[in-house]
Amino acid sequence: MKAVGICEPVQSGPDSSERCLAGPGDQSHVFLSSHTVFQLVNASCSFSQAWHYCQSRFSSITVLGQLEDEDGTKQLLNQANMRGPIWVRISNSLAPTSTLTLSKQNVLLSALSFTGDSTYGHARARALFPPLASASTCARVQFDARHESVSTLFSYATRALTNEFQLRARADETRRRVLLAPIVHGRHHAYRASFPNDARWHHVCVTWRKSDGLWAVYVDGEKGEWGTGTEPSRDMHGHGIFVLGQDQDSFGGNFTEPFVGNITDVNFWDVTLDDEQIRRLEDCTSLLEPKPLFSWQELNLTLHEVKEVAAVMQCPGLLKQKQREQEDCRVLDSWTQAVAQYSTTPCSHTLPFICKTSKERYVKKKELEESQSAHPSPFLQHLMNHGVNTGDVLGMPDADESWESVTHLLNISDQYLRGSREQLESRDFPSLVQMLSRATELPTTGNQSLTNARMLSHSFIGLADTLISQENADKWQAIREVVSGPMAVVRTIDRMVTNLSPLLLGDTDSVHIHFNNIRMQVQEKTVSESTGGSEFCSSDWINNTDLDCISVPPQSMQELHNNGFGKVTVLSTWYSSLKPLMNKEENITVVPTITDGSLKYMGTVLGSSVISSAVVGDGQLISLGVQFKLQHRTQNTSGMFYYPICAFWDFSLTPEDGGGWSTEGCEVISLQQDSTSCYCNHTTNFALLLQIYDVQWSQENEKGLQILSFIGCGVSLCGLIFTFILFIAVGVPKSDRTTVHKNLIVALALAQLLLIFSYWASANQELCLLVTALLHLFFLSSFCWMLVEGLLLWSKVVSVNISEDRRMRFYYALGWGLPLFIVAVTLMVSLNKYKAEQHCWLNTESDIIWAFVGPVLFVLAVNTVVLCRVVVVTVSSARRRAKMLAPSSASKPHTLDLTWAATRPVLILLPVLGLTWLCGILVHLSVVLAYLFIALNAFQGLYIFLVYAVYNSEVQNAIKRIQEKRKALSFTNCSQPISFLPSQKTPGASWADSLPTPSSPESSGSSHITNSMSSSLIFKNESFGTDSFVNFSLKPAAGNQVVQLMAFKPSAC
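If you're wondering where the values come from, they're calculated on a predicted model, not measured in any experiment.

With that out of the way, let us pick up the overall build of the chain. Along its length, the chain carries 24 helices and 43 strands. When the 1053 residues of the chain are sorted by exposure, 52% land in the buried category. For the chain, the proportion of contacts with a sequence separation of at least 24, taken over those separated by at least 6, is 74%. For the chain, the exposed area adds up to about 48400 Å²; of that, 55% sits on carbon and sulfur atoms.

Attention now goes to the confidence of the model for the chain. Across the chain, the average pLDDT comes to 77, with 75% of residues at 70 or higher. A low-confidence stretch, residues 889–893 (pLDDT under 50), is modelled with zero contacts involving residues beyond four sequence positions or located in other chains.

Here the amide bond leading from Gly 84 into Pro 85 is cis, since omega sits at 5°, within 30 degrees of zero. When you line up the elements, Pro 85 lands in the loop between helix H2 (67–79) and strand S6 (86–87). For His 185, which is not a glycine, the phi torsion comes out positive at approximately 55°.

Take Ser 612: it is sitting in strand S32 (residues 610–617). Looking at Ser 612, its side chain comes within polar contact range of the side chain of Asn 685, at 3.5 Å. Those residues within four positions of Ser 612 in sequence are excluded, and the remaining contacts are Asp 494, Ile 550, Leu 571, Ser 572, Thr 573, Tyr 575, Thr 684 and Asn 685.

We now examine the pattern of salt bridges. Counted by the stated rule, this structure contains 13 salt bridges. Among the ionic pairs, Arg 140 bridges to Asp 265, the shortest N-O distance being 3.1 Å. Linking Arg 140 in strand S10 (residues 134–143) with Asp 265 in strand S20 (residues 261–269), this pair joins segments that are 125 residues apart in sequence. Across the pair Lys 365 and Glu 369 runs a salt bridge, and its minimum N-O distance is 2.6 Å. One end of the pair is Lys 365 and the other is Glu 369, both in helix H5 (residues 359–374) and four residues apart, which spans about a single turn. Looking at Lys 365, the relative accessible area reads 18%, which means it is buried. For Glu 369, a relative accessible area of 25% corresponds to the partly exposed category.

The tally for this structure, following the rule as stated, stands at seven disulfides. Here Cys 54 is linked by a disulfide to Cys 355, with a sulfur-sulfur distance of 1.9 Å. Negative torsions about the S-S bond denote left-handed disulfides, and the value of about -80° found for Cys 54 with Cys 355 makes this one left-handed. One end of the pair, Cys 54, is in helix H1 (residues 47–56); the other, Cys 355, is in strand S25 (residues 351–358), with 301 residues separating them in the sequence. Classification of Cys 54 by relative accessible area gives buried; the value is 0%.

It is worth spelling out a negative patch on the surface at this point. Together, Glu 360, Glu 367, Glu 370 and Glu 481 line one region of the surface with negative charge. In this fold, Glu 370 is placed in helix H5. By relative accessible area, Glu 370 is classed as partly exposed at 47%.

So, on to the pairing of strand S4 (residues 36–45). A large share of S4 lies buried, amounting to eight of its ten residues. In this structure, strand S3 (residues 30–32) lies alongside S4, joined through three bridges in antiparallel fashion. Among the inter-strand pairings, Phe 31 is bridged to a residue of S4, identified as Phe 38. Hairpin connection from S3 to S4: three residues lie between these consecutive antiparallel strands. The pairing of S4 with S25 spans seven bridges and is antiparallel. For Leu 40, the partnering residue across the bridge sits in S25 and is Ile 354.

So, about the packing of helix H8 (residues 403–419) against helix H9 (residues 429–440). Between H8 and H9, the shortest axis-to-axis distance is 10 Å and the interhelical angle comes to 145°. Of the two possible hands of crossing, H8 and H9 adopt the one that is left-handed. For the pair H8 and H9, contact is made by Val 406, Leu 409, Leu 410 and Ser 413 and by Met 435, Leu 436 and Ala 439, respectively. Among the residues forming the contact of H8 with H9, the class breakdown is six nonpolar, one polar and no charged.

On the surface, a nonpolar cluster with roughly 760 Å² of combined accessible area is contributed by Ile 707, Phe 710, Ile 711, Phe 757, Tyr 759, Trp 760, Leu 767 and Leu 770. Looking at the secondary structure, you find Tyr 759 in helix H16 (residues 736–761). Judged by relative accessible area, which is 31%, Tyr 759 ranks as partly exposed.

Looking now at the nonpolar core. Of all hydrophobic cores here, the largest spans 71 residues; its most connected members are Leu 410, Ile 461, Trp 476, Val 489, Ile 493, Leu 578 and Trp 661. If one sorts the elements of this core by residue count, helix H12 (residues 487–505) sits on top with eleven residues. Beyond its immediate sequence surroundings of up to four residues, Leu 578 is in contact with Ile 468, Pro 486, Met 487, Val 490, Leu 606 and Val 610. Counting 45 residues, the second-largest nonpolar core is a separate cluster that includes Ala 773, Leu 777, Ile 944 and Val 947.

Quick look at the pairing of strand S29 (residues 548–552) now. Summarising burial for S29: five of the five residues are buried, a large majority. Covered by surrounding structure in S29 are Asp 548, Ile 550 and Val 552 together with Cys 549 and Ser 551, the residues of both alternating faces. When strand S28 (residues 534–538) meets S29, the two strands line up antiparallel, connected through five bridges. Residue pairing across strands places Glu 535 opposite Ser 551, the latter belonging to S29. Relative to strand S34 (residues 626–631), S29 runs antiparallel, the two being bridged by three bridges. When the sheet's bridge partners are listed, Ser 551 is paired in S34 with Gln 627.

Pairing within the open sheet is antiparallel, and its four strands lie in the order S3-S4-S25-S5. Of all the strands in the sheet, the pair left with one neighbour each is S3 and strand S5 (60–61). Taken strand by strand, H5 contacts S3, S4 and S25, and its axis lies near 90° from that of S25.

Turning to the sheet that holds S34, a few remarks are in order. Taken in spatial order, the five strands line up as S28-S29-S34-S38-S37 in an open sheet, and their pairing is antiparallel. Looking along the sheet, the strands with just one partner apiece sit at the ends: S28 and strand S37 (666–671). Averaged over neighbouring strand pairs, the angle between their axes works out to 15° when direction is ignored. Strand direction decides the pairing type here: S37 and strand S38 (residues 675–680), joined by five bridges, are antiparallel. Within S38, the residue paired with Val 668 across the bridge is Cys 678.

Procedures and definitions
Along each chain, residue indices are assigned from 1 in the same order as the chain's sequence is written. Whole-chain, interface and lining totals are the exception, using all residues; otherwise, since this is a predicted model, local features are given only for residues with pLDDT of at least 70 and side-chain atom pairs are given and counted only at 80 or more. Hydrogen atoms and water are omitted, and side-chain values are computed over all heavy atoms in the structure. Helical segments are the DSSP runs of H or I of at least four residues, strand segments are the runs of E of at least two, and each set is numbered from the N terminus. Exposure is judged per residue with a 1.4 Å probe applied to protein chains only, and the accessible area is read against the type maximum: over 50% gives exposed, under 20% gives buried, and values in between give partly exposed. Contacts are assigned to residue pairs that have any heavy atoms within 4.5 Å of one another. Surface exposure here means Shrake-Rupley accessible area, sampled with a 1.4 Å probe, where a residue is shielded only by the protein chains that are shown. Confidence scores here are pLDDT values: one per residue, from the predictor, ranging 0 to 100. Pairs of N or O atoms are called polar contacts if they sit within 3.5 Å, as long as, within protein, a hydrogen donor faces a hydrogen acceptor (for residues adjacent in sequence, only side-chain-to-side-chain pairs). A pairing counts as a salt bridge when a side-chain nitrogen of Lys or Arg comes within 4 Å of a carboxyl oxygen of Asp or Glu. Cysteine sulfurs are considered disulfide-paired once they come within 2.5 Å of each other. Only residues whose relative accessible area exceeds 30% and that form no salt bridge enter a patch; like-charged residues are grouped when within 9 Å of one another, and nonpolar side chains (Val, Leu, Ile, Met, Phe, Trp, Tyr) when within 5 Å. When charges are counted, Lys and Arg contribute as positive and Asp and Glu as negative, whereas His and the chain ends are disregarded. By convention, charge coordinates are those of NZ in Lys, CZ in Arg, CG in Asp, or CD in Glu. Here, any two strands with at least 2 DSSP bridges between them count as paired. Axis angles are defined between N-to-C directions and span 0 to 180 degrees, where every axis is a line fitted to C-alpha atoms and, for a helix, only to the segment in contact. Take the far helix as the reference: if the near one is turned anticlockwise from it by less than a right angle, the crossing is left-handed, and if turned clockwise, right-handed. Note on residue categories: nonpolar means Ala, Val, Leu, Ile, Met, Phe, Trp, Tyr, Cys or Pro, charged means Asp, Glu, Lys or Arg, and polar means any other residue, Gly included. By nonpolar core is meant a set of buried Ala, Val, Leu, Ile, Met, Phe, Trp, Tyr and Cys residues that side-chain atoms within 4.5 Å join together.

And the structure:
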């Protein structure tokens, strides 16, 4: 006969309504795949029981849709001659729970604001209304507590009857409530339904049907008043006008009773909604059916003196909705043509299930059990001496397992561990954890006494306290392949305290259980309007640490009162020794919080004690927002920085590994040097995770770098502005080179201005995002114009036969069009990940940063090649001149000439080619490089001003032309006509082509090149037969080199 499972009834409470026990024959149904082991549990258990059963055996339920799980399930069912159905779980699904979640979630909706400044403010729906045999209208309203007159929330008027369908409201100052009264077919009903006049959002509905004249007013999901019509009913007339915020004394006008407040989520149906549908609407759950005649989502309204605003409200039903969805669980029914067929069924049904675990864990666990059976450990030998069978410790729980047997097993185990000098062996730990799991499954119905309950809980906590002591850290590491970690013990404590809390209290209000590593408090609280919060604190007196505290704040207790709870039990537990047992980065997937270059992320570790809180009311776990303050257990050391993060242990993350740390719903309230205060919107086990950073430079250096950057950007911006003004004011001859310079200056100036402004913009997220996008655009544009500078210089060194017009069109597209395209695509692809969290710059922790770094590296690579080519040409020209003008024996001057010839173009071209940004790649290596990088780039504008304005021969010549023209105009009477002096370069010629070619008469004369340290830097192009030169002037030109544009020469009068 096939063995089956057994289910025992237990007390109705959190997580279970029955006890799931496997039959003795189930151990034979095991299937081993290449990586996973599947075990059939042929016991009829609810989904919650099946989940916890597998968890207590260090495994998990098979997953829906995974091919390996489907194959293992099929093999096992064929082996057991079964077909199904069996429980399956959805991948990464939450652990099943009967927790009643009262925590509210914020929802953003578009709303209409009726300010009361005008008596004619209203909103008219653009919708067609047929004759109505039924009608329902729902809305969310926020009543202005200062408004005392009668107001109309909505009105439906027809040509035959203006008061066809309305909902009116008036304030009751005595009761401090807003009273509601409907009007149907012109009949005004009494003001009875109401909600508090507290300026909060409230959900109201009015329903009516023709069949029996029944009408009803609902407030916040509950029926507040109802009645029936006394006269024969009829359809509501069609083709009416539906108006929000006003009555209609005439068809579509004559408004006299305005509403003052806010309205949102208004819908009008041609059916009568039932109680359940209205409750779902109050929970912020959209109805798929029926479809409304007028839907708020379409917002098809004509507004008159009404403002459209954003409304943030709290919908308690969002989390309740998730709970309802979890009431239907997934099952594998059968196979059709080798394809698995799945369906849903209520989670409370009882079905068999399959637990799966990794092959390595299964083999290791089996080896430990066989080792214990063949050669019992001292601990197991002690239990056997007291009449305990190895099967009671290593096997599955029996159906007749009682409180007495489990209490006896826990007592002798706890006494041995505390009185014996023998140490636990690592192979004892899996058995002890399973022993604790079995104790949590004991039935709590019957006549268990207060003494038995407290004795069981005391032995239970004492045994758990020994297991998680710091001395056992190496043993936990040794069995990590079987038991994921000490949080498996924490899970058993959570379940035990929750199940036993009604029995532990008895006639007292609170119970305290204290051990070295675990402190626990069970406290009963009476909930009323004046109830304060509940706080639990504990500290490690051995290490003399400050208090760790967790509290349920008064507003959460008030929320319990508003939801009808009279008494609740608050369960609080503190664990001091888990940190050394979990100091590895396992089960931690938190991303780095700090992303600037001053700190290098090294990892995340547990940095505090673990503290937990749970609230039980009416036999259900209630999830509430809690606050906690924990001391940091890791001290900052030299060169390291620790950043605390509020987190909780989520058992549903990677169930096979026992869960992991999560930060969802938790935030930091305040940071102190040795402690951190947090808020989380739910109850569970909490701790502080410490993110470890290697300090790249100290706070003094960080501040110094920031000040240097700020000053440098200001100086650079001034230099760029002055350079641009000089280029425009003095009339520098127009050329492609000066045009490129001007565009580069504009792009750099705007980038520097935005960089200065970004320090203040970081406080506003929307403004910071805009500044980030503009910084991205203008810095990219700056680099693209630096690339244009390089391409233009290359065209001068290596002749490129492209017309100037075509070349400038290409340059503009490259300098402005390409950056705009890159920024636009980046924003469209990843807007949510675009900006860093703490700075107005790109997110360096994602691939978004490559939208800037990639183009920059390309520009730097190209411009490096250009600069190398320029240096080669310069050195070649200098060597040729030296051979022509210096004796062969004069090697020392020749070497100096070559060195200066190679150094000069580097100094001149660095600011416009952007090569100083190469230091940014090495910033993380040293703070000195960081200072050098900021100094070189922050003062880039000043450098451009000095090299390309102050010492630019074209600017100097233009200024001299202006000065000489002014002298000529001042001394007109003293001047005389002279012949036009030959100019060194025409007004329209490029400065790079200003020198005569080598074949000209000037080039053959020694007077032009006798001084090797001349004021001009000359590049010779050797790529073609005809030499051409590029001239960089660093010194003011001599008097005979001035370009004369006037027909008069000033004379000394």
